[in-house]
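Read off the chains here:
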Amino acid sequence: MRSTRALHTAGATALGCLLTASSLTVSSAVSTASTGSLGADGPLGSSHALGSVGAGERDFDLQAHRGGVGLHVESSPQAFSAALELGVSTLELDTQVTADGAVVVTHDRRPRTDVCQDTAPVVEGDPLFPYMDNYIHQLTLEQVRTLDCGSLRRPGYPAQQTHPGEKMMLLSELFDLVKAHGADGPDGVWMNIETKVEAGAPDQTAPREEFVSAVHEEIADSGLDQQITVQSFDWGALRAMHELAPALPLVALTNHDFLGIGSDDPSPWLGGIDIADFDGDGVAAAASLDGVVAYSPVATHPDQSCTVGESDCRAYVTAKMVESAHSHGLRIIPWTVNNVPTMEYLMDIGVDGIITDYPNLLRDLMAERGRALPRQYTAEG
């Protein structure tokens, strides 16, 4: 894939100057506890310490899902900035790849109508307009950047702050934002970057190899590879990333359905693995993948947003699963947990971190339990 970096730099260098202070109220206590280094200094592919440490050797990992969907419009500069100012261990984010090879920060292969909206075509009579009707990989960066992805408050998030006119971020701009906050370096914030390859419908995203290569190029160019993990539900994408960067730590995302337990055929999400060969054990299957250092399952199933301890809510992550992950040398970090009782349950059974839309709730709970709090950052300059 040809490099498109020259196409993407316009506006990115000014990002640090455009950041505004978040109105999010945060604790005045600032912890300087290290979130951990990924290893020795060096280029992408050099030794990462994370790949060799066992469970429990890092502080509890507070991951802000898409920057913190409950607080700010998802995947926006304001969301990630607010998360850094609040103090999180990890910025969790998703990526898609455009028709011209740009890596943008968005969860959805086709823009969500409750997150983004059309404004105007790049040129009069553009046959792809309205752009909201297309997949990201069918649109150029210029077309994608016409979308307003900041004006809409997503249903279910009444406290979410909107940022009218905000454009879809580039991954490179996320890296610039981290640097603008002084959150780069061996003790800086982590970034857990998902390659959102759609293994179940591969025509709806960029081809796996092109997708992974584009994300890898951005990571390599960023100089921040020592504080990055790459996650994916598509374990084939994890295999592809490992081939490009053998020392880059990988995270195996999954849910019950994607494992394909009981299916006659192997799941397309597992990159050639047949879960039957592991007696339906997702942890063991993930541990068999080179480069994988963490297992990231859904917290509850089949209702992914229920509260553990209420009605018929069933926890998917169990103490036995946590013990198994640790015995395989993997950390376990469930997603996406937005209520305190479920957070408490997961912490009680020993998970290593939690992905949440409400990093403020999890940080408060960590403080109540005497956990080391992630460092807080403010924009420099």
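Residues numbered from 1 in each chain as written. Predicted model: local features only at pLDDT ≥ 70, side-chain atom pairs only at ≥ 80, totals over all residues. Heavy atoms only, no water.

A. Region of interest: the packing of aromatic side chains. Applying the stated criterion to the full structure yields 5 aromatic pairs. Ring geometry for F233 and F258: centres 5.5 Å apart, planes at 85°, overall edge-to-face. In this pair, F233 is assigned in the loop between strand 5 (228-232) and helix 7 (235-244) and F258 in helix 8 (residues 256-259), connecting sequence segments 25 residues apart. On the accessibility criterion, F233 (11% relative accessible area) is buried. Its relative accessible area of 23% is what places F258 among the partly exposed residues. Consider the rings of F233 and W335, whose centres lie 5.6 Å apart with planes at 90°: the pair is edge-to-face. Placement of the pair is F233 in the loop between strand 5 and helix 7 and W335 in the loop between strand 8 (331-332) and helix 11 (340-348), with a sequence separation of 102 residues. (Phe/Tyr/Trp six-rings, centres within 6.5 Å; stacked < 30°, edge-to-face > 60°. Helix = DSSP H or I, 4+ residues; strand = E, 2+ residues; numbered from the N terminus. Buried < 20%, exposed > 50% of the residue type's maximum accessible area, 1.4 Å probe, protein only.)

B. Geometry of the state of the cysteines. According to the stated counting rule, one finds 2 disulfides in the structure shown. Two residues, C116 and C149, share a disulfide whose sulfurs are 2.1 Å apart. Between C116 and C149 the sulfur-sulfur dihedral comes to about 110°; the bridge is accordingly right-handed. Of this pair, C116 sits in the loop between strand 3 (103-105) and helix 4 (141-144) while C149 sits in the loop between helix 4 and helix 5 (171-180), and the two are 33 residues apart along the sequence. Across this residue pair, the class does not change: C116 and C149 are buried. For the protein, the bonded cysteines connect in the pattern 1-2, 3-4 when numbered consecutively along the sequence. (Disulfide = S-S within 2.5 Å.)

C. Region of interest: the confidence of the model for the protein. Looking at the protein, pLDDT values average 88 and 85% of them are 70 or higher. Predicted confidence is poor over residues 1-57, with pLDDT under 50, and the contacts of this stretch with residues over four places away or in other chains come to 121 contacts. (pLDDT = per-residue confidence, 0-100. Contact = heavy atoms within 4.5 Å.)

D. Geometry of the nonpolar core. The biggest cluster of nonpolar side chains holds 80 residues, and the ones touching the most others in it are L91, M191, W235 and Y295. Grouped together as the second largest cluster of nonpolar side chains are 14 residues, C116, M132, I136 and V144 included. (Core = buried A, V, L, I, M, F, W, Y, C linked by side-chain atoms within 4.5 Å.)

E. Representation of helix 3 (residues 77-86) in the model. Among the 10 residues in helix 3, 10 count as buried, and that is most of the element. Turning to helix 3, its buried residues number three or more, namely P77, Q78, A79, F80, S81, A82, A83, L84, E85 and L86.

F. Spotlight on the side chain of N134. Counting through the fold element by element, N134 comes out in the loop between strand 3 and helix 4. A distance of 3.3 Å separates a polar side-chain atom of N134 from the backbone oxygen of P130. When sequence neighbours within four positions are dropped, the list of residues in contact with N134 reads R109, R110, P111, L128 and L139. (Polar contact = N/O pair within 3.5 Å; in protein donor to acceptor, adjacent residues only side chain to side chain.)

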